[in-house]
Amino acid sequence: MQLLVKAIVHYTNDRPRPENSESLMTKRLSTYLADGIYTRLEEWAKQEGRSTSNLAAFLLEKALVDHEEKLLKQQSLSDEKQGRQ
């Protein structure tokens, strides 16, 4: 099992994610979803051959990475703008 875990490479935004402590599954999150949202998420997970929970975790991680990249880009643009003044 340990070899399998080491062999898995996580991809976020089509780039390899370095293995670090954040890649370990150590926290649990509970939430409520509207029935229709859950059904759509469940169907998507079945199409991909994964659990609904696994797909939800992947989507949350991807959204977080996208959000952080957006913030970094905004900060970079702000810094450039201030440098021109």
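Residues numbered from 1 in each chain as written. Predicted model: local features only at pLDDT ≥ 70, side-chain atom pairs only at ≥ 80, totals over all residues. Heavy atoms only, no water.

**Topic: the overall build of the chain**
A count of helical and extended segments in the chain gives three helices and two strands. Seen in sequence order, the chain has helices and strands lined up from the N terminus as α-β-β-α-α. Put simply, the chain has 85 residues, and 9% of those count as buried. Residue pairs at least 24 apart in sequence account for 34% of intrachain contacts in the chain once pairs closer than 6 positions are excluded. Put simply, the chain shows about 7900 Å² of open surface, and 55% of that area lies on carbon and sulfur atoms. (Helix = DSSP H or I, 4+ residues; strand = E, 2+ residues; numbered from the N terminus. Buried < 20%, exposed > 50% of the residue type's maximum accessible area, 1.4 Å probe, protein only. Contact = heavy atoms within 4.5 Å. Areas by Shrake-Rupley, 256 points an atom, 1.4 Å probe, with all protein chains shown as cover.)

**Brief notes about the confidence of the model for the chain**
Overall, the predicted model of the chain reaches an average pLDDT of 78, with 69% of residues at or above 70. Taken element by element, the chain is modelled with least confidence in helix H1 (residues 2-7), mean pLDDT 34, and with most confidence in helix H2 (residues 35-48), mean pLDDT 97. Within the model, pLDDT remains below 50 along residues 1-16, and this stretch shows 18 contacts once partners closer than five positions in the same chain are excluded. (pLDDT = per-residue confidence, 0-100.)

**As for the packing of aromatic side chains**
For the structure shown, the criterion picks out zero aromatic pairs. For Arg50, the ring lying beneath its charged end belongs to Phe58, and the centroid distance is 5.1 Å. (Phe/Tyr/Trp six-rings, centres within 6.5 Å; stacked < 30°, edge-to-face > 60°. Lys NZ or Arg CZ within 6 Å of the ring centre and 35° of its normal.)

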